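What the coordinates show
So you can see what is in the structure, the chains are spelled out below.
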Amino acid sequence: MSEQIQATVICKTEGIRYELRHDTGNTLLESMREGTVVLPSLCGGMGKCGRCIVKFQGYAPLPTQTERLIIEPEKIRAGYRLACMARPKRECIVEADFVGNRAEEEQSLHVLTGYYGADKERRMETCIDDIRAAAGRQDGVPEKTDDRTFAAADIGTTTIAMQLLETDSGRILDTFTCLNPQRSYGMDVISRIRAADEGQGDILRKLVRDVLSAGWEQLKKSAENQGVREPEFLSIACNTAMGHIFMGYPAGNLGKSPFLPVSIKTAAVEWNGIRAALAPGISAFVGGDILAGLYACGLCRPVSWSCAQNGVGGREDSAAEDDAAWLFMDLGTNAEMVMGTGSRAAATAAAAGSAFEGRGKDGTAGSERLRVVAYLLEKGIVDETGLLAEPYFETGIAVQAGEGRNSVFITQEDIRDIQMAKAAVRSGIHFLMKKMDIQDYGRINKVYMAGGMGFYLDKRSAVRTGLLPAELEERIETVGNAALAGAALFGRKGWEESSREMEAFADVVNAFNMAELAEFEEVYIGYMNFDCKIL
């Protein structure tokens with residue numbers, strides 16, 4: 001039988017002690033999660049990433065076989081263990097290099113919440129102009145015309161952002177951001193799916209709903225302080241896995257072929273007095289956050305589709321509209337891409353790993369690491385195959401790529417991560433063009449870059465590293481947090497009308513898994529080098 005004992009966790013860098021109650025039937029990492037103590041873990045507690053290593057003072061539980069494979073023998077003897085594997089049976093004291101509670105960790109958090117619009121040629125909704133004005137700058141916001149409010153949320157794999165908005169004007173009144181507390185179960189979607197499928201679904205759902213409830217309470221107080229009504233409802237955009245966990249749907253099938261979601265339609269739910277709706281998605285791997293982003297950018301209702309739906313004839317410019325193509329991208333651990341014309345669209349996703357994450361293994365932004373690799377390529381310190389020159393191959397190199405920039409440490413492993421990620425993205429673009437029967441990049445007149453990586457992306461670095469073809473450099477437009485803006489539009493226009501428009505678009509999108517295509521491996525390898533050029 002398990003029993004409750006005391007476990008003390010000491011942060012070596014800060015000297016802070018955390019006192020936890022530990023159930024001897026659990027792992028130390030599980031107890032730390034329950035005690036809101038954060039320890040890095042990228043593999044979801046599978047004992048693979050080695051990031052949750054701790055050192056036991058005195059007593060240490062017997063090492064598992066997994067720990068013996070990952071931790072050096074001398075460190076095993078010195079009391080080092082993996083928190084995700086260790087199950088201490090006696091009171092213990094452990095040391096960790098990087099640890100903190102969520103409140104402390106989030107003090108320095110910056111979450112992208114601004115939406116910076118798209119070109120008027122895409123017939124963007126008027127209300128999104130208001131949202132853009134308020135998100136991008138707080139001066140000169142429109143006068144209040146109504147006191148009704150609602151809330152919008154973007155549930156990301158890493159972060160969560162919420163906003164309080166005036167229903168009539170679209171003016172943003174307050175913003176709430178935090179880290180997604182589910183990250184201790186793994187930093188990527190697959191780890192979360194696995195955890196949910198292995199019986200942690202209720203815990204994961206509670207974690208995200210509790211955070212949303214906390215944000216909701218802040219927004220309610222803000223509404224009261226500003227003399228407007230408390231928010232009436234919450235509109236949510238998120239990827240398919242986050243949506244399944246939030247709704248309590250079984251998530252196991254999202255992680256294995258044929259990748260069948262329980263539902264990607266609009267879903268309504270109520271908890272803790274909060275009435276909420278989840279925006280619809282496109283497929284198991286291109287979710288509601290992407291569809292919401294497309295909606296915000298005015299890409300969900302091409303002329304020919306909207307005319308057909310309304311039972312009216314096409315317009316004279318429909319042929320030109322149909323010929324021009326656009327590309328929407330959101331680069332993260334899972335890089336989603338949608339390509340469309342006036343009458344067709346296709347979507348896919350690429351596993352990009354940690355290369356594009358907002359914070360890498362050394363805390364550096366993915367966009368900054370990409371910039372540094374481009375700099376090393378220009379200086380000949382990295383060759384076109386991705387090989388670091390001696391003596392840096394073994395040791396890595398610290399680089400300050402630009403005046404006033406912080407030094408970034410790059411290793412051979414970092415370069416390989418970027419190569420694999422950019423090869424996956426370029427493969428996605430390659431197969432989207434094939435699906436859309438587009439023969440050259442000249443047909444693509446706009447590239448919408450959404451999300452944090454896209455917002456901070458240096459266009460020249462993206463082209464130099466081969467992440468994007470040179471022909472598209474001047475067509476890139478960063479739009480910021482389009483998912484949050486789409487969630488706002490989803491709520492402001494009304495769930496029924498928005499759902500009808502978004503789901504009509506999703507129904508005609510050709511969503512495919514490029515990893516299942518026969519030529520995928522050949523194309524992927526072809527895009528690995530930095531001087532790649534297949535198409």
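All of these numbers come straight from a predicted model, not from anything done at the bench. (Residues numbered from 1 in each chain as written. Predicted model: local features only at pLDDT ≥ 70, side-chain atom pairs only at ≥ 80, totals over all residues. Heavy atoms only, no water.)

Describing the overall build of the protein chain
A count of helical and extended segments in the protein chain gives 18 helices and 21 strands. By sequence separation, contacts in the protein chain at least 24 residues apart represent 68% of the contacts at least 6 residues apart. Surface summary for the protein chain: the accessible area is close to 22,800 Å², and the carbon and sulfur share equals 47%. (Helix = DSSP H or I, 4+ residues; strand = E, 2+ residues; numbered from the N terminus. Contact = heavy atoms within 4.5 Å. Areas by Shrake-Rupley, 256 points an atom, 1.4 Å probe, with all protein chains shown as cover.)

A closer look at the side chain of asparagine 239
Looking at where asparagine 239 falls in the secondary structure, it is placed in the loop between β11 (234–238) and α7 (240–247). Exposure remark for asparagine 239: the relative accessible area of 10% places this residue in the buried category. For asparagine 239, the side chain forms a polar contact with the main-chain nitrogen of methionine 242, separated by 2.7 Å. In this view, asparagine 239 contacts Ile155, Thr157, Val189, Gly287, Gly288 and Asp289; residues no more than four positions away in its chain are not counted. (Buried < 20%, exposed > 50% of the residue type's maximum accessible area, 1.4 Å probe, protein only. Polar contact = N/O pair within 3.5 Å; in protein donor to acceptor, adjacent residues only side chain to side chain.)

What about empty space enclosed by the protein?
Considering all chains together, one arrives at one cavity of 30 Å³ or more under this definition. Lining the largest cavity are 16 residues, with Thr240, Ser263, Ile264, Leu278 and Ala279 positioned closest to its centre. The element best represented in the lining of the largest cavity is α7, accounting for three residues. (1 Å grid on protein atoms, 1.4 Å probe; cavity = no way out; pocket = protein on both sides within 12 Å on 5 of 7 lines; lining within 4 Å. Points joined across faces, edges and corners; volume = space filled by probe spheres on them.)

Overview of the pairing of strand β10 (residues 172–179)
Bridge count for strand β9 (residues 159–166) against β10 is seven bridges, and the pairing is antiparallel. When the bridges of β10 are listed, threonine 159 appears paired with leucine 179. In textbook terms, the turn of a hairpin is the stretch between consecutive antiparallel strands, and for β9 and β10 this stretch comprises five residues, one of which, glycine 170, has a positive phi near 80 degrees. (Pairing = 2+ DSSP bridges.)

Quick notes on the side chain of glutamate 501
Tracing the chain through its elements places glutamate 501 in helix α17 (residues 495–508). Within the structure, the side chain of glutamate 501 is placed 3.3 Å from the side chain of lysine 493, a separation counted as a polar contact.

A few points about the pattern of salt bridges
In the structure shown here, the tally under the stated rule is 16 salt bridges. In this structure, glutamate 232 and arginine 148 form a salt bridge, with 3.9 Å as the shortest nitrogen-oxygen distance. Remark: arginine 148 occurs in the loop between α5 (126–136) and β8 (149–155) and glutamate 232 occurs in the loop between α6 (189–225) and β11; sequence separation between them is 84 residues. Classification of glutamate 232 by relative accessible area gives partly exposed; the value is 34%. Each of Glu368, Arg371 and Asp458 takes part in salt bridges that share partners, so that together they form one network. (Salt bridge = Lys/Arg side-chain N within 4 Å of Asp/Glu carboxyl O.)

Overview of the packing of helix α8 (residues 288–296) against α17
Two numbers describe how α8 lies on α17: the axes approach to 11 Å, and their chain directions differ by 110 degrees. Taken together, the axes of α8 and α17 lie roughly perpendicular to each other. Taking contact as the criterion, the partners of Leu291, Ala292, Leu294 and Tyr295 in α8 are, on α17, Ser498, Glu501, Met502, Phe505 and Ala506. The residue makeup of the contact of α8 with α17, split by class, is seven nonpolar, one polar and one charged. (Axes fitted to C-alpha atoms, helices over the stretch in contact; angles between N-to-C directions. Parallel < 35°, antiparallel > 145°, perpendicular 65-115°, else oblique. Nonpolar A, V, L, I, M, F, W, Y, C, P; charged D, E, K, R; others polar.)

Concerning α17
Two residues of an α-helix separated by three or four positions point the same way, owing to the 3.6 residues in each turn. Helix length check: α17 (14 residues) gives 20 Å between terminal C-alpha atoms against 20 Å at 1.5 Å per residue, within 8%. Here α17 has its buried residues at Trp495, Ser498, Ser499, Glu501, Met502, Glu503, Phe505 and Ala506. (Expected span 1.5 Å × (residues − 1).)

Regarding the environment of leucine 294
Here leucine 294 shows up in helix α8. Looking at leucine 294, the relative accessible area reads 0%, which means it is buried. For the pair leucine 294 and alanine 450, spaced 156 residues apart in the sequence, the C-alpha separation amounts to 9.6 Å.

Observations concerning the sheet that holds strand β20 (residues 476–480)
Strand order in the open sheet made by the six strands is β20-β19-β14-β15-β16-β21, with mixed pairing throughout. Two strands lie at the open edges of the sheet, namely β20 and β21 (509–511), each paired on one side alone. Going across the sheet, the axis of each strand differs from the next one's by a mean of 20 degrees, ignoring polarity. Pairing analysis gives four bridges linking strand β19 (residues 444–450) to β20, with the strands arranged parallel. Paired with valine 447 across the two strands is isoleucine 476, which belongs to β20. Its contacts with the sheet put α8 on β14 (325–330) and β15 (334–340), and the angle it makes with β14 is roughly 135 degrees. Running at roughly 55 degrees to β21, α17 makes contact with β14, β16 (345–351) and β21 of the sheet.

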